[in-house]
Amino acid sequence: MDIRDRELREQEHIVTFLEGVKNGLPIGLGYFAVAFSLGIAAREYGFSAFQGFLASLFTYASAGQYIGFSIYAANATLLQLIILTAITNLRYILMGLALNQRMPEGTSLGTRMLVGTCITDEIFGVTIAREGVPTPWFTFGALLTAVPMWAAGTAVGISMGNILPDNIVSALSVALFGMFLATIVPASKKDRKIMAAVIVSFVCSYAMGVIPAAADLSSGTRTIILTIGISAAFALILPHREAETGGDE
């Protein structure tokens with residue numbers, strides 16, 4: 001019986017993994033387009049296609065990589081590079097905590113930490129929006145598809161970026177915003193609370209970008225402030241009941 005249960009779990013993991021691969025494909029296409037423009041910036045800073053490919057393969061953080069490439073070119077120290085990259089990507093700590101709380105019971109610490117290294121804005125979005133309890137195998141499948149395309153886009157951008165007109169490169173950079181919309185729109189249509197949170201987030205994000213004191217903060221810092229503030233407010237005003245989230249699972 002134990003062997004049968006193990007086989008069923010393995011089959012379920014494979015199905016979930018392949019589902020993640022499928023969901024990671026459109027993310028990867030968007031990544032390729034955005035990484036193309038990142039590659040152009042990396043080329044201007046003296047990076048080869050191979051160096052850019054490795055940097056994107058092991059980092060996969062667009063804003064963090066832009067900063068990393070620029071301060072590397074400015075001969076900054078390794079400590080400065082680490083600190084600035086960490087500050088820029090602090091929002092991933094919040095995403096990791098949110099995802100960790102929803103992982104299935106019995107998920108090992110090592111697996112949880114590995115999932116934490118897989119988090120990007122888009123992979124977190126499709127993982128958390130998936131019905132049921134988030135599983136590591138879905139996240140791993142999405143990462144396996146998306147990140148190599150991010151790395152490949154960077155390398156191609158370094159190699160061929162100067163060939164394309166500027167307006168084409170700018171158009172490619174917009175692709176990722178369409179993916180964000182594809183992540184939040186279906187969930188917003190199903191749940192009015194989510195729709196309200198999305199609208200409030202848009203309004204507050206715009207306000208933070210134009211208010212002088214807030215606009216001077218980095219985009220990562222503004223994201224953290226908004227994430228904590230808005231999520232805390234909605235948790236108090238519109239708490240999510242266990243019955244609504246499938247607590248019996």
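Heads up: the structure comes first, above all this text.
About the criteria used
- Residues numbered from 1 in each chain as written.
- Predicted model: local features only at pLDDT ≥ 70, side-chain atom pairs only at ≥ 80, totals over all residues.
- Heavy atoms only, no water.
- Salt bridge = Lys/Arg side-chain N within 4 Å of Asp/Glu carboxyl O.
- Helix = DSSP H or I, 4+ residues; strand = E, 2+ residues; numbered from the N terminus.
- Buried < 20%, exposed > 50% of the residue type's maximum accessible area, 1.4 Å probe, protein only.
- Polar contact = N/O pair within 3.5 Å; in protein donor to acceptor, adjacent residues only side chain to side chain.
- Contact = heavy atoms within 4.5 Å.
- Axes fitted to C-alpha atoms, helices over the stretch in contact; angles between N-to-C directions.
- Parallel < 35°, antiparallel > 145°, perpendicular 65-115°, else oblique.
- Left-handed = near helix turned anticlockwise from the far one by under 90°.
- Nonpolar A, V, L, I, M, F, W, Y, C, P; charged D, E, K, R; others polar.

Undergrad: Quick one: what's the story with the pattern of salt bridges, residue by residue and with numbers?
TA: Side-chain pairing between opposite charges can occur once the charged atoms of the two side chains come close. A complete count under the given rule lists 1 salt bridge for this structure. Between Glu-19 and Arg-130 there is a salt bridge, and its shortest N-O distance comes to 3.1 Å. Placement of Glu-19 in helix 1 (residues 2–44) and of Arg-130 in the loop between helix 7 (121–129) and helix 8 (136–160) is noted, with a sequence separation of 111 residues between them. Judged by relative accessible area, Arg-130 falls into the buried class, the value being 19%.

Undergrad: Explain the side chain of Ser-56 to me, and be specific about the residues and the numbers.
TA: Among the structural elements, Ser-56 can be located in helix 2 (residues 49–59). A polar side-chain atom of Ser-56 sits 2.6 Å from a polar atom in the side chain of Thr-154. Beyond its immediate sequence surroundings of up to four residues, Ser-56 is in contact with Leu-38, Gln-65, Val-147, Trp-150, Ala-151 and Thr-154.

Undergrad: Any details on the packing of helix 5 (residues 91–102) against helix 7? Residues and values, ideally.
TA: Contact geometry of helix 5 with helix 7 gives a least axis separation of 11 Å together with a crossing angle of 20°. The pairing of helix 5 with helix 7 is recorded here as roughly parallel in orientation. Read as a crossing pair, helix 5 and helix 7 show a hand that is left-handed. Only Asp-121, Phe-124, Thr-127 and Ile-128 of helix 7 make contact with helix 5, whose side of the interface consists of Arg-91, Tyr-92, Met-95, Ala-98, Leu-99 and Arg-102. In terms of residue class, the contact of helix 5 with helix 7 is built from 6 nonpolar, 1 polar and 3 charged.

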